[in-house]
Amino acid sequence: MSIKKTSLYATATATTLALTLTACGGSGNSASGGHYDKNATVEIGSLYEPQNLDNTAGGGQGVTEALNGNVYEGLFKLTDDGKTEKLLAQDYKVSDDGLTYTFTLRDGVTFHSGKKLTSEDVKYSLEKVIADDSQSARKANLEVIKSIATPDARTVKVTLSQKSISFVYNLSYVWITNSQAKNLKTTEDGTGPYRLDKWTRGSALSMTRYAGYWGKAAANAKAVFHYYKDATALNNALATGAVDVVTGEQSPDALDQFKNNQNYKVNDGDSTTKLLLAFNDKAKPFTDVRVRQAVSAAIDDKKLLESVWGGYGKLIGSMVPPTDPWYEDLTKVNAYDPARAKKLLAEAGYGKGFDFTLDTPNYDPHPTAATFIKSQLAKVGITVKINTITPDEWYTKVYKNHDFTATLQEHVNDRDLVWYGNPDFYWGYDNKQVTRWVQQAEEAATTAEQTELLKKVGRKTAEDAASDWLYLYPQIVVANSKLSGYPVNGLNSQFFAYDIKKKS
Amino acid sequence: MTRYLLRRLAFLVVSLALASIVLFVLLRLLPGDPANALTSVGADPEQIAAARHAIGSDKPLPEQFTHWLGQLASGDLGTSFVSSLPVGPEVASRLNVTVPLTLIAFTLAVLIAVPAGFVAAHKRHTWYGALLSGVSQLGIAVPVFWLGMILIAVFALNAGWLPAGGFPQDGWSEPAEAIRSLVLPVLTIALVMSASLIRYVRSATLDVLGSDHLRTARALGSSFGQAMWRHGLRNASVPVISVLGIELASTLLGAVVVESVYALPGLGSMLATGIAQHDYPVVQGVLFVSTLAVLLIGFAADLVQRIIDPRLRGRLSGGAR
C-alpha cells in the first residue's frame, strides 16, 4: 500500500511566513573539468529521519531513503527511471507454469560483517518479510511465496502459490540481510556499497564506503544524511552550504533563491505521488458514476496545481504516473468543463446540487486543496463541508472503517493502480471487469500482456471517475552545482548516494 | 531550615508521583494507537496485533503503569516503541544540547535584563530610560521563531558567519563547531527572554525606589548607591527571582520552537517526534525528566528567595503553622 504517512511535525508553521532571503552569491564556481574528489563527503539534507533501521519493523520512508541500495541491496533493484535490474541475483529462470523462480546469486558478495552471502541469507530475508510480525509494506504482495528451497549455497528456488508477474519487481523491496545479524533496528549488516557509520537520533545518519564491496566502489568516501523537521531550516542549510543536496522540496516557496543562482541546480523530476479526491464509491451520491464525473469535471485541476506548486508538477487523468509502464495520457477524460458538470448533475437528479462532507487531513497540501475544491464546486451548486482530521483519525475513520463520503489523500507509491481491483479497499470501487483485469494482469505470462491489461484498467477507472486524480506532485531535487550523479526521480523514496560525484 | 528542606523534598516527591500518573493517563487518553505509527498504512489486523504485542500496548493499563514505575524506580526510562533504543541515553544526549542552550541563554538574559531594567526604572524620565522600556515592550511582542528567522537571514545566509542550523553529529567532541551552532539559538532565546525580564526588573526596582525604607536610609545619610546596595537590591530581587525560576523552566520546555527553527537535536524536538509517533516511552521519559527539572528549578528558586529574604524563613519554617 501506498499512502504517505506525513508526520505532523514535518511542516512547521514557520514555512508559511514567506521571507525573501538572498542567497550568498559568488563562492567558488569551478565549472571546469570532469574531475571529482574520490574521498569527498556528500552532505544530504532530508525531512525524513528513519524511525528505526529495519524496513520490516516500521522504519518508515526515511529508512528506505537512507539505506535502500546504499547499505542494503536486494536481488533486484528499481532504478531511478523505473526499471527493474538484477543486483544480487546474477541470473534467474522462471518455470513454464510461471510458478517456480530459480535465482543464481552473484559470487564473491560479502556482508559488512565479513560473512559471505549464501542462499540461506536470501531465504532468511524473504521469510522475514512475510513473517507474522513483519511490518513490511510489501508483505501482502509477497505472500504468494509458498516455499523457499536452497539446493546449494548460490541457488535459491522459490515456489509461488499463484502466478505473479510483479514478483521480481516486488523483490527489489526486499533487503538481503545476514541471517545471523542481531539488533537490526539499530545496526545493520547488508551488502551495499556503504556501511553504516553512525546514527545520531534527531540529527544525522552517516555511512562510509565499504572496502569489500563486490561491485563498483562508491564515487565518494562518505555520505551523511542530515535530518530537519522544518523545510525552511533545510533550505537554509542548503543555502549556507551545510548540505550539498536536498532529497525533495516540499513546497515551491524557497525555489527562487536557488533557481536564479548558478551555484545551484534545481531538478524537476518525475514523482509517483498523486493527490486524490477519493470518493466513497459505495456512499450516496457518489454511487452514481455521473455525479463522480460531474465533480471531476467541475474542478479546474490546472488552477489548483498552479496555486499549490507554481509552475511545477503535472496533471494526470488516472492513478498511473508517467514512470509506470502502463501510463497513457488520460487528462482529456472528464477534463475541466463546468457546463458538462451541470448537465451530468441534472441527469443524475441533482440539478439543484447537494451537500457532502470532505474529510481533509490537517497537513499541507490537503487544507489548501479542500478550500479550492469547495469554491469550485459551489459554482455548480454543490456545497462542501470541510472536516479537518489528523492522520490517525484518517486511518481509523476513512481507511479502516470506510466511514466517509469523500476524502483527500496523497498516494506516494508507483504501480498502485491495482488497488482499484480490490473492492474492499477504502474507496470502495467495485467493478467486476476491472477486478478480473487486475488479476489477469498479475498472472500474465509477459510484461507486454500485463501492460495491455493494466492500460485497460487505467482507462476504465478514468472513465468511471473512480476517484478524481487532482495532480501529480513534482519531485524537486536541489543540489549544489559541484555535485553530479544524484538521483532526480527518487522513486519510492529511494536516494542512491553511491554515484554522487563531488568536485573539490 | 532542615524541617523546611525535608518538607520541600517530600513535596517534590509527591508532585513527581502525581505528575507521572497524570502524564501516563493523559497520554493514553489521546486518540490514536501507537501500533499505527509502527505499521505501514496498509497493514492488516494481524500486523497491527503483532505490533501491539511487541510494544506491550495490548496489556491492561494498570499493568503497563506498574511496569513503567518499576523501571523508573531502577533508573530506567524504558525503551522506545519505534526505534527500540533505550530512552535514557537518548534523553541524556539531548540534554547535552538543551541544557547548555537554556543555561547560557538564561545567564545572558539576566546579564542584559538586570542592568537594563534598573536603568529603565531609575532613569525613567530620560530619553534612554523610556527607550529601554519601549524596546522591551516591543521585544515581548516578537515571536521566537520570527526572531530566529531574522537572525538566520542576517548572520547565516547573508553574512555567512555562523551556521543556519544543525549541531555537529559528534556533539561536544567538536567543541568549536558545537559552540558555533549554539550562538544564534542562544541569542534568540536570550533576547526574547531579556525583554520580558527587563519589565519585571524595572517594576521591582520602581517599587523599591518608592519604598519607605529606601527613603529612610537616604534620610539617614546613605548615598543612593549605598542605600540601593544595602537595602534596595535585596528587596527588589525577591520577586525577580521567582519570575526567573518560572522563566528558566518555561525556556527549558519552550526550547522546542528554537530547536525546530535551528534544527537542533534537543529535548524539545525529541518530544515533538515522540508525540507525532505515539511513542509513549519517549514522551513519558522526556516529560518525566522535564517535570523533574521544573520542580528542581522551583525548589532552587524558593531556596534562594529564603536565603535572601529572612522574613520568608520566619514565616514558613519557624513552626508558626
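Residues numbered from 1 in each chain as written. Chains lettered and ligands numbered in written order. Predicted model: local features only at pLDDT ≥ 70, side-chain atom pairs only at ≥ 80, totals over all residues. Heavy atoms only, no water.

Engineer: I keep staring at the UniProt feature "domain: ABC transmembrane type-1" (unreviewed entry) in chain B and nothing clicks. Help me out?
Structural biologist: Under the local residue numbering, the UniProt record ascribes the feature "domain: ABC transmembrane type-1" (unreviewed entry) to residues 95-305 of chain B. Between the C-alpha atoms that bound residues 95-305 of chain B the distance is 27 Å, and the span itself is 83% helix and 0% strand. (UniProt positions renumbered as here; feature names shortened; annotations may be inferred. Helix = DSSP H or I, 4+ residues; strand = E, 2+ residues; numbered from the N terminus.)

Engineer: Even after reading the chapter, I still don't get the sheet that holds strand 11 (residues 245-246) of chain A, so can you show me in this structure?
Structural biologist: What holds strands together in a sheet is hydrogen bonding between their backbones, with the strands either parallel or antiparallel. All names here are of chain A. Taken in spatial order, the 10 strands of this open sheet run 8-9-10-1-11-16-12-15-13-14, and their pairing is mixed. Looking at which strands have only one partner, the edges of the open sheet turn out to be strand 8 (194-200) and strand 14 (383-389). Looking at chain direction, strand 13 (residues 355-361) and strand 15 (residues 406-411) are connected through 2 bridges and run parallel. Its bridge partner lying in strand 15, Leu358 is registered against Ala406. Against the sheet, helix 7 (residues 289-298) makes contact with strand 12 (264-279) and strand 16 (468-480), and its axis sits at roughly 150° relative to strand 12, the strand it touches most. (Pairing = 2+ DSSP bridges. Contact = heavy atoms within 4.5 Å. Axes fitted to C-alpha atoms, helices over the stretch in contact; angles between N-to-C directions.)

Engineer: Can you walk me through the domain arrangement of chain A in this structure?
Structural biologist: By a frequent convention, interface size equals the accessible area lost on bringing the separate parts together. Residue and element names in this part refer to chain A. For chain A, the assigned domains are domain 1 (1-269 + 475-504) and domain 2 (274-472). The interface of domain 1 with domain 2 comprises 29 residues on the first partner and 29 residues on the second. With both sides pooled, the region where domain 1 packs onto domain 2 buries about 2500 Å², and carbon together with sulfur makes up 56% of that total. One can count 6 residue pairs in polar contact (both at pLDDT 80 or more) joining domain 1 with domain 2. Counting only elements with at least two residues in the side of domain 1 that touches domain 2, the list comes to helix 6 (255-259) and strand 12. Split into classes, the residues belonging to the side of domain 1 that touches domain 2 amount to 12 nonpolar, 11 polar and 6 charged. (Domains from an automatic or database assignment. Buried area = accessible area lost by both parts, 1.4 Å probe. Polar contact = N/O pair within 3.5 Å; in protein donor to acceptor, adjacent residues only side chain to side chain. Nonpolar A, V, L, I, M, F, W, Y, C, P; charged D, E, K, R; others polar.)

Engineer: Would you take a moment to explain the UniProt feature "transmembrane region" (unreviewed entry) in chain B for this structure?
Structural biologist: Mapped onto the present numbering, the UniProt feature "transmembrane region" (unreviewed entry) falls at residues 9-30, 97-119, 140-162, 182-201, 238-262 and 282-304 of chain B. Between the first and last C-alpha atoms of residues 97-119 of chain B the distance is 33 Å; the span itself is 100% helix and 0% strand.

Engineer: Can you walk me through the environment of Gln376 of chain A in this structure?
Structural biologist: Residues and elements named next belong to chain A. Relative to the assigned elements, Gln376 resides in helix 10 (residues 366-378). The class of Gln376 is buried, set by a relative accessible area of 3%. C-alpha of Gln376 to C-alpha of Ala445: the two residues are 69 residues apart in sequence and 45 Å apart in space. Only 2.7 Å separates the side chain of Gln376 from the backbone nitrogen of Asp300, close enough to count as a polar contact. (Buried < 20%, exposed > 50% of the residue type's maximum accessible area, 1.4 Å probe, protein only.)

Engineer: Please clarify how the packing of aromatic side chains should be interpreted in this entry.
Structural biologist: Remark: the centre distance and the inter-plane angle together describe each pair of aromatic rings, the angle taken between the planes. All names here are of chain A. In this structure the tally under the stated criterion is 42 aromatic pairs over all chains. Seen from their ring centres, Phe76 and Tyr92 are 5.2 Å apart, and the 90° between their planes marks the pair as edge-to-face. Here Tyr92 lies in strand 4 (residues 89-94) and Phe76 lies in strand 2 (residues 76-78), a separation of 16 residues in the sequence. Classification of Phe76 by relative accessible area gives buried; the value is 2%. On the basis of relative accessibility, which here comes to 30%, the residue Tyr92 falls in the partly exposed class. Pairing Tyr420 with Trp469 gives two aromatic rings, centres 5.9 Å apart and planes at 70°, and the pair type is edge-to-face. Taken together, the residues span a long stretch of sequence, with Tyr420 in the loop between strand 15 and helix 12 (432-442) and Trp469 in strand 16 at a distance of 49 residues. Here Tyr420 matches Trp469 in class, with each residue buried. Taken together, the aromatic side chains of Trp394, Tyr395, Tyr399, Phe404, Trp419, Tyr420, Phe425, Tyr426, Trp427, Tyr429 and Trp469 make up a single cluster linked through ring pairs. A cation over an aromatic ring shows up here: Arg415 above the ring of Tyr169, its NZ or CZ 3.9 Å from the ring centre. (Phe/Tyr/Trp six-rings, centres within 6.5 Å; stacked < 30°, edge-to-face > 60°. Lys NZ or Arg CZ within 6 Å of the ring centre and 35° of its normal.)

Engineer: Quick question: what am I supposed to make of helix 11 (residues 267-276) of chain B here?
Structural biologist: Because the α-helix completes a turn every 3.6 residues, residues three or four places apart line up on one side. All names here are of chain B. Three or more residues of helix 11 are buried, namely Leu267, Gly268, Ser269, Met270, Thr273 and Gly274. Summarising the contacts, the buried residues of helix 11 are in contact with helix 5 (87-122), helix 10 (224-261) and helix 12 (280-308). His278 sits one or two positions beyond helix 11 and adopts a positive phi of about 55°.

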